[in-house]
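As a plain string of letters, each chain reads:
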Amino acid sequence: MDEVVVGIDLGTTNSCVAAVVDGRPKIIEDERGYNILPSCVAFKSRGKFVVGHGAKALILTNPTQTVYAVKRLIGRKYDTDPVQDTRQRLSYEVFEGENDEVLLRLGDIELTPVEISSIILKCIREVAERELQTEISKAVITVPAYFNHAQRKATMEAAELAGLECLRLINEPTAAALAYGFKKDMEKKIAIYDLGGGTFDISVLEIGGGVYEVLGTGGNSYLGGEDFDYRVVDYLADQFRQQHGVDLR
C-alpha cells in the first residue's frame, strides 16, 4: 500500500481529518462515528489527557483543567492585545513564561499552546490510523488565511511533536476552493468565505486548467463563532446588570 498523506483541519472549535480513498477525498470518522473532533484537551492525571468529545463535556464541570480555543493563542506572545483579550474569556489559567511565552496550566503541569495542539493532532493521527489501518506520518494542515509566520511555524512544530511531517500548510479558504474544484473542468473566479470558530476569512481565487491562483485574501482572526458567543454573553450580562445591579461575569 502506498504511503497515505492525510489532510487535517486543525480548528479553533473542532478539527477533522481526511484522506483520498479509492480516488475520492473522504472525511475520516472515529470509532463512534464522529467525523469531527472538538479541539479540547482535559487534564486527567500527570501525562494523561482526555481529548475531543470527552474533554468538551468537562468544560462545564472541570473548567479550570480543560483547554479549548487554544488556536487563538498559538504562535503569539503573552504581552499582546489578542492574548490579553482572549485570556479574560477563558476558564483555564493563561500566564507568562520565559521570553514572553504563553503558558497554560493544566492540573500540576504547564503546557504551551504548541504542546496542547500536538496532543490534539496526535489524537487525530490515531483516528486516521485506526480507520485506514496504516501508519500515518505525513500530513497537509490548513491554517487561517491571516495566520502570520510565527503562527504557521508554531503549527508545524505542533505537527512535529505529534509525530507528523507537515508537508505543507494551506490557507483554509484555498483548501475549500481545492475541494470545490476537485475533478471539475472549470474556468472561473470564485470567492470563498471561511467563517470558523475563531476567524472569518475571504479569499478570491481564479481556477483554470487545473491551476488555482489566489487573487486576494483578507480576514479577521477575531471574528469567528467564539466572538459571536462573547457578544451574546456580554449583551445578556449587561441587560441583567441594568435590571438587577449584579454583573454575572
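About the cut-offs
- Residues numbered from 1 in each chain as written.
- Predicted model: local features only at pLDDT ≥ 70, side-chain atom pairs only at ≥ 80, totals over all residues.
- Heavy atoms only, no water.
- Pairing = 2+ DSSP bridges.
- Helix = DSSP H or I, 4+ residues; strand = E, 2+ residues; numbered from the N terminus.
- Axes fitted to C-alpha atoms, helices over the stretch in contact; angles between N-to-C directions.
- Salt bridge = Lys/Arg side-chain N within 4 Å of Asp/Glu carboxyl O.
- Buried < 20%, exposed > 50% of the residue type's maximum accessible area, 1.4 Å probe, protein only.
- 1 Å grid on protein atoms, 1.4 Å probe; cavity = no way out; pocket = protein on both sides within 12 Å on 5 of 7 lines; lining within 4 Å.
- Points joined across faces, edges and corners; volume = space filled by probe spheres on them.
- Nonpolar A, V, L, I, M, F, W, Y, C, P; charged D, E, K, R; others polar.
- Lys, Arg positive; Asp, Glu negative; His and termini not counted.
- Polar contact = N/O pair within 3.5 Å; in protein donor to acceptor, adjacent residues only side chain to side chain.
- Contact = heavy atoms within 4.5 Å.
- Parallel < 35°, antiparallel > 145°, perpendicular 65-115°, else oblique.
- Left-handed = near helix turned anticlockwise from the far one by under 90°.

1. As for the sheet that holds strand β10 (residues 109-111)
Okay, step 1: Pairing in this open sheet of three strands is antiparallel, and the strands run β8-β9-β10 from one edge to the other. Strands with a single pairing partner mark the edges of an open sheet, and in this sheet they are β8 (94-96) and β10. For this sheet, the mean inter-axis angle between neighbouring strands, taken without regard to orientation, is 40°.
Okay, step 2: With three bridges joining them, strand β9 (residues 102-106) and β10 adopt antiparallel strand pairing.

2. Considerations on the pattern of salt bridges
Okay, step 1: According to the stated counting rule, one finds 16 salt bridges in the structure shown.
Okay, step 2: Aspartate 238 is the salt-bridge partner of arginine 241, the closest N and O atoms lying 3.1 Å from each other. Taken together, the residues span about one helical turn, with arginine 241 and aspartate 238 both in helix α6 (residues 225-244) at a distance of three residues.
Okay, step 3: Overall, arginine 241 belongs to the partly exposed group, its relative accessible area being 39%.
Okay, step 4: Given a relative accessible area of 25%, aspartate 238 falls into the partly exposed group.
Okay, step 5: The shortest N-O distance in the salt bridge between arginine 241 and aspartate 247 comes to 3.5 Å.
Okay, step 6: By relative accessible area, aspartate 247 is classed as partly exposed at 36%.

3. So, the layout of surface pockets
Okay, step 1: Here the largest pocket is characterised by a volume of approximately 960 Å³.
Okay, step 2: Along the walls of the largest pocket sit 36 residues, with Asp9, Thr142, Ala175, Ala176 and Ala179 positioned nearest its centre.
Okay, step 3: Looking at the lining of the largest pocket, the elements with two or more residues in it are β1 (5-10), β2 (14-21), β3 (24-27), β11 (138-143), α5 (172-180) and β13 (188-195).
Okay, step 4: The class makeup of the residues in the lining of the largest pocket is 21 nonpolar, ten polar and five charged.
Okay, step 5: Of the voids in this model, the second largest pocket is the one considered here, and its volume is about 370 Å³.
Okay, step 6: Lining the second largest pocket are 18 residues, with Tyr68, Arg89, Glu226, Asp229 and Tyr230 sitting closest to its centre.

4. With respect to the side chain of arginine 76
Okay, step 1: For arginine 76, the location among the structural elements is in the loop between β7 (66-67) and α2 (81-87).
Okay, step 2: The buried charged residue arginine 76 lacks any salt bridge, with aspartate 81 as its nearest oppositely charged partner at 9.7 Å.
Okay, step 3: There is a polar contact of 3.1 Å between the side chain of arginine 76 and the backbone oxygen of arginine 72.
Okay, step 4: Ignoring anything within four residues of it in the chain, the contact list for arginine 76 reads Pro82, Val83, Val102, Gln151, Ser221 and Tyr222.

5. Notes on the packing of helix α3 (residues 113-132) against helix α4 (residues 149-161)
When two helices pack together, their arrangement is given by the angle between their axes and by how far apart the axes lie.
Okay, step 1: One can describe the packing of α3 onto α4 by two numbers: an axis separation of 8 Å at closest approach and a directional angle of 50°. By the angle class used here, α3 and α4 are oblique. The element α3 and its partner α4 pack so that their crossing is right-handed. Each of Val114, Glu115, Ser117, Ser118 and Leu121 in α3 lies in contact with α4, whose residues at this interface are Ala154, Glu157, Ala158, Ala159 and Leu161.
Okay, step 2: Taken together, the residues that form the contact of α3 with α4 break down as six nonpolar, two polar and two charged.

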